[in-house]
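So the chains spell out like this:
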Amino acid sequence: MATERYNAREVEARWQKTWNDKDVFVTDNDDPREKYYVLEMFPYPSGRIHMGHVRNYAMGDVVARFKRAKGFNVLHPMGWDAFGMPAENAAMQNKVHPKDWTYDNIAAMREQLKIMGLSLDWSREFATCDVSYYTQQQRLFLKFLESGLVYRKNAKVNWDPVDMTVLANEQVIDGRGWRSGALVEQRELTQWFFKISDYSEDLLEAIDTLDRWPDKVRLMQKNWIGRSEGLRVRFEFVSTAPTGDKTLEIFTTRPDTLFGASFMGLSPDHPISVKLAETNPDLKEFIDECRRVGTSEEAIEKAEKKGIDTGLRVKHPLDASIELPVYVANFILMDYGTGAIFACPAHDQRDLDFARKYDLPVKPVVLPKDADPASFEIGDEAFTDDGTIFNSGFLDGMTIGDAKNAVAEKLEAIQVDGTAQAERQVNYRLRDWGISRQRYWGCPIPVIHCDECGVVPEKDENLPVELPDDINFDKPGNPLDRHPTWRDTTCPNCGKPAKRETDTMDTFVDSSWYFARFTAPGHDQPTDPSAANGWLPVDQYIGGIEHAILHLLYSRFFTRAMQKVGALDLKEPFKGLFTQGMVTHETYKSADGQWLSPADIQISEDNGNRVAIEAATGAAVSIGSIEKMSKSKKNTVDPTDIIDTYGADTARWFMLSDSPPERDVIWTEDGVQGAWRFVQRVWRLISEIAENTEPRSGSLQDIDDKGLEVRRAAHKTLAAVSKDLESLGFNRAVAKLYELVNTISKAVSEGIDSSGKEYAVREAADFLVQMMAPMMPHLAEECWSALEHDNLISEASWPKADDSLLVDDTVIYPIQINGKRRGELTISKEASKEAVEAATLALDFVQKALDGNSPKKLIVVPQRIVNVVV
RNA sequence: GCGGGCGUGGUGGAACUGGUAGACACAAGGGACUUAAAAUCCCUCGGCCCUAGGCUGUACGGGUUCGAGUCCCGUCGCCCGCACCA
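All of these numbers come straight from a predicted model, not from anything done at the bench. (Residues numbered from 1 in each chain as written. Chains lettered and ligands numbered in written order. Predicted model: local features only at pLDDT ≥ 70, side-chain atom pairs only at ≥ 80, totals over all residues. Heavy atoms only, no water.)

Bringing the UniProt feature "short sequence motif: 'HIGH' region" (unreviewed entry) in chain A into the picture now. UniProt's feature table lists "short sequence motif: 'HIGH' region" (unreviewed entry) at residues 43–53, given in the numbering used throughout. The straight-line gap between the two end C-alpha atoms of residues 43–53 is 8 Å; of that span, 27% is helix and 0% is strand. (UniProt positions renumbered as here; feature names shortened; annotations may be inferred. Helix = DSSP H or I, 4+ residues; strand = E, 2+ residues; numbered from the N terminus.)

What follows deals with the packing of aromatic side chains. Summed over all chains, the structure comprises 47 aromatic pairs. Note on Tyr37 and Trp535: the rings are 6.4 Å apart at their centroids and 70° apart in plane angle, and the pair reads as edge-to-face. Highlighted residues: Tyr37 in strand β1 (residues 35–40) and Trp535 in helix α16 (residues 529–535), separated in sequence by 498 residues. For Tyr37, a relative accessible area of 0% gives the class buried. Seen from their ring centres, Phe194 and Phe558 are 5.7 Å apart, and the 75° between their planes marks the pair as edge-to-face. One end of the pair, Phe194, is in strand β7 (residues 185–194); the other, Phe558, is in helix α17 (residues 550–564), and 364 residues separate them in sequence. You can call Phe558 buried: its relative accessible area is 2%. When the ring centre of Trp122 is taken as origin, the NZ or CZ atom of Lys114, which lies over that ring, is 5.0 Å away. If you follow Lys410 out to its NZ or CZ, it ends over the ring of Phe394, 4.4 Å from the centre. (Phe/Tyr/Trp six-rings, centres within 6.5 Å; stacked < 30°, edge-to-face > 60°. Buried < 20%, exposed > 50% of the residue type's maximum accessible area, 1.4 Å probe, protein only. Lys NZ or Arg CZ within 6 Å of the ring centre and 35° of its normal.)

For the rest of this paragraph, the subject is empty space enclosed by the protein. Scanning the model with the defined rule gives 2 cavities of 30 Å³ or more in all. Looking at the largest cavity, its volume works out to about 100 Å³. In this structure, the largest cavity is lined by Arg65, Arg68, Ala69, Gln770, Ala773, Pro774, Ile793, Ser794, Ala796 and Trp798. When residues of the lining of the largest cavity are assigned to their parent elements, the largest contribution, 3 residues, is made by helix α2 (residues 51–69). Along its surface, the second largest cavity is lined by Lys99, Cys129, Val131, Tyr134, Trp441, Glu466, Leu467 and Asp469. Partitioned by chemical class, the residues of the lining of the second largest cavity number 5 nonpolar, no polar and 3 charged. (1 Å grid on protein atoms, 1.4 Å probe; cavity = no way out; pocket = protein on both sides within 12 Å on 5 of 7 lines; lining within 4 Å. Points joined across faces, edges and corners; volume = space filled by probe spheres on them. Nonpolar A, V, L, I, M, F, W, Y, C, P; charged D, E, K, R; others polar.)

For the rest of this paragraph, the subject is the pairing of strand β11 (residues 307–316). Across 7 bridges, the pairing between β11 and strand β12 (residues 319–329) is antiparallel. Within β12, the residue paired with His316 across the bridge is Asp319. From the end of β11 to the start of β12, which pair antiparallel, there are 2 residues. (Pairing = 2+ DSSP bridges.)

The full set close to RNA strand B counts 47 residues, and Thr253, Lys305, Arg350, Arg864 and Asn867 are the nearest of them. Of everything in RNA strand B that lies within 4 Å of the protein, sugar and phosphate atoms constitute 59%. In the environment of RNA strand B, a base nitrogen lies 2.9 Å from a nitrogen or oxygen atom belonging to the side chain of Asp658. Within the side chain of Arg821, an N or O atom sits 2.7 Å from a base oxygen of RNA strand B. Among the elements that line the surface near RNA strand B, the one with the most residues is helix α22 (residues 730–749), at 6 residues. Broken down by class, the residue content of the surface near RNA strand B amounts to 18 nonpolar, 9 polar and 20 charged. (Near = heavy atom within 4 Å. Polar contact = N/O pair within 3.5 Å; in protein donor to acceptor, adjacent residues only side chain to side chain.)

Attention now goes to the sheet that holds strand β24 (residues 497–500). What the 4 strands build is an open sheet, ordered β22-β21-β24-β23; its pairing is antiparallel. Edge strands, defined here as strands with exactly one partner in the open sheet, are β22 (454–457) and β23 (488–490). Taken over all neighbouring pairs, the strand axes of this sheet differ in orientation by 45° on average, direction set aside. In the sheet, β23 pairs with β24 via 3 bridges, with the strands oriented antiparallel. (Axes fitted to C-alpha atoms, helices over the stretch in contact; angles between N-to-C directions.)

Structure below.
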């Protein structure tokens, strides 16, 4: 038999052209079938795709193709997360315009994605830097502004005085700018914020409805939102504070420990601290020191608890005879609660550390179970577990929960300085989302600053506020700021000369609604509500775990905000979420410690040990640990090289084999070759079947045992693979397909000697090819065509397994004696429990084990197992 | 520190709601074909014992159960997230 070797390059290009010419993957919004929206997190156009993309898009494509075969109207779009800093960095380094750099990269990556053979609707493609996209984003911003979801306030930023730019936290390394190395300053700027905090409770509660999200991500979001219930309490100053305040307001989650209060703590940024510092040089010095430490994370972590006594005193709310000192302390955060606390050292570790340092009283008020109230003392560790309240007057004997309520009720009823002394309050860790970026390559914030009218939104008809092309990066700072004319405009309100806002939006804004835009990408409003409501939520969203918090939380907020302004009508954008693992690879280092690329290495075997040498020089190379593929460690493999050598199907198949999709996968040359051999093997098998059998021939009438065995295997595999694909268990599906290929190969090599067997083999081949199709679409089309089907497999519907073939006529029961397997029993599936028992007792080895006695117990689990207890 | 997850052959990993541990693949070893190589095909492949066969084995130590990789308690190790959140 002269079967040609499968030529992936030629075959893949051919089928891609066919799909493209026939618009097979173009989706119609008006298609009446049930919808299914599959989306992979869109890529940043860095210039080249990497293996992580291949894995991500291969998975999404399997889902898309599978659902299409199952009869859904599938939306599977692709776009580009195209704004952001790398384009500006490239502009500075290589004198290339950010726009040119970005669009060139997009063009290159689009070609790379196309050779993967993904079933994408390219007609919906857009980049977030397209004017048509950010115009609509500006429109959304203005609607949010109108609805009170956007506001301005002062906020601190990390300012690099050399680059004259704002830095993100991760760009500050040891208190210095990552690029310039200059000491970073904290500056106050007026910035734009989205009121995500309006939705704290809703975002938290709705997490419970996201039952097709990984628990891990749900938990991370819960922690991020960080809800805590507590009490806001006003402590009366013994004498009025220099700010004129008569009371000090604090937030606590432990009002039950109020009788253990030892001192009060103020954040260094608290208004009272700041006011006092004006006349107290020591305090000023202390506060300045706290701020300097503020930038380095490590310093914060290790910082000793420190403080300074303000001399101010407050009265204990439950016992006016007690006066508590007020300290400014470095461990108190201004932006949580009220920036002030009452400290109970006995039951809070931070407070205890502080109290020990300054020799303040430590009075335990919660007694551990079984402890003796007379002798219980706190050492170096605060007691934070459950217990009973003591040393606390009217609270004595209560549980912590009861005491919390009792204190709240009592203080709510007391009036201090005209208001209740306390009120219950729920606090969240989640802060509002600052979106201002002092950068060029982002979506301009469409507002105007007018001397007369203040901050004025741009008029809708004047949109877009377009980025100017004539900019340069010769000088540090934001090019929009120093552009000669771009800032100049007229006030939409009074018509007088005014200045544009030069800040642009955080790129997380761009990615917070792109999934909605895909549903009607050309629409003249941000969304077409009927299209958005029809397609959303995304049924299956797939991407990296690194976006578990910010991107997903912002998108959830945006969906709510869009609902508020009528752009669509739902709360949760992503019904199913899947976070895939990373692609990793072995690392290599030369003798002088340089990282080496896998492409420059030769591996061989020596006495069972793998040894590596540098291919060019023959120099010894040490094989290092397996790490995430990264440029810095040079352990990357270029997908394009792999696809050139083996074809897209092989790369896709390997990415889906072996490792569970949520776990990291190790890229190995051997693994790819294994996948490649499988491609060839399938092609040989299908070719042989196509040559030796006729389509739609053979008869079920004279099916024999061998044929039936093949049919059973095919139908069982179909049922299992359908289930696996439904639950994204790609590695399990792959294993089952290997098994089926083994079964069919064996059957074919034994000869197709009856029309019943011919039918079975032909059917199994069709099933095999169809099940492979979502994962290796080109090979599947080629096989499908070789099997003389006249449609495209990409348009064929998923086969249905015959339930009657899923169960065997006989069951093989493992027979255990005292829980240990000793043999097996083959018996009809229909056999009654009694029949199984009788047959078991008749077995030789059972008889032997019983040695004439009757069994103590005989357990028969139907269709499963038998256990004889002797 | 707090929260979460995970520990199965030489390797990646299977094992449904407790029911034959190691499917499938990779690597390795042996064989067939070939002048040779590649490709392909066949066999072996957790450990121990001399075989039939048996013993043992899912990080470690206990427990529940007729039966535990799976459930419970404790220990050790690794990974991830958060990190002075009052």
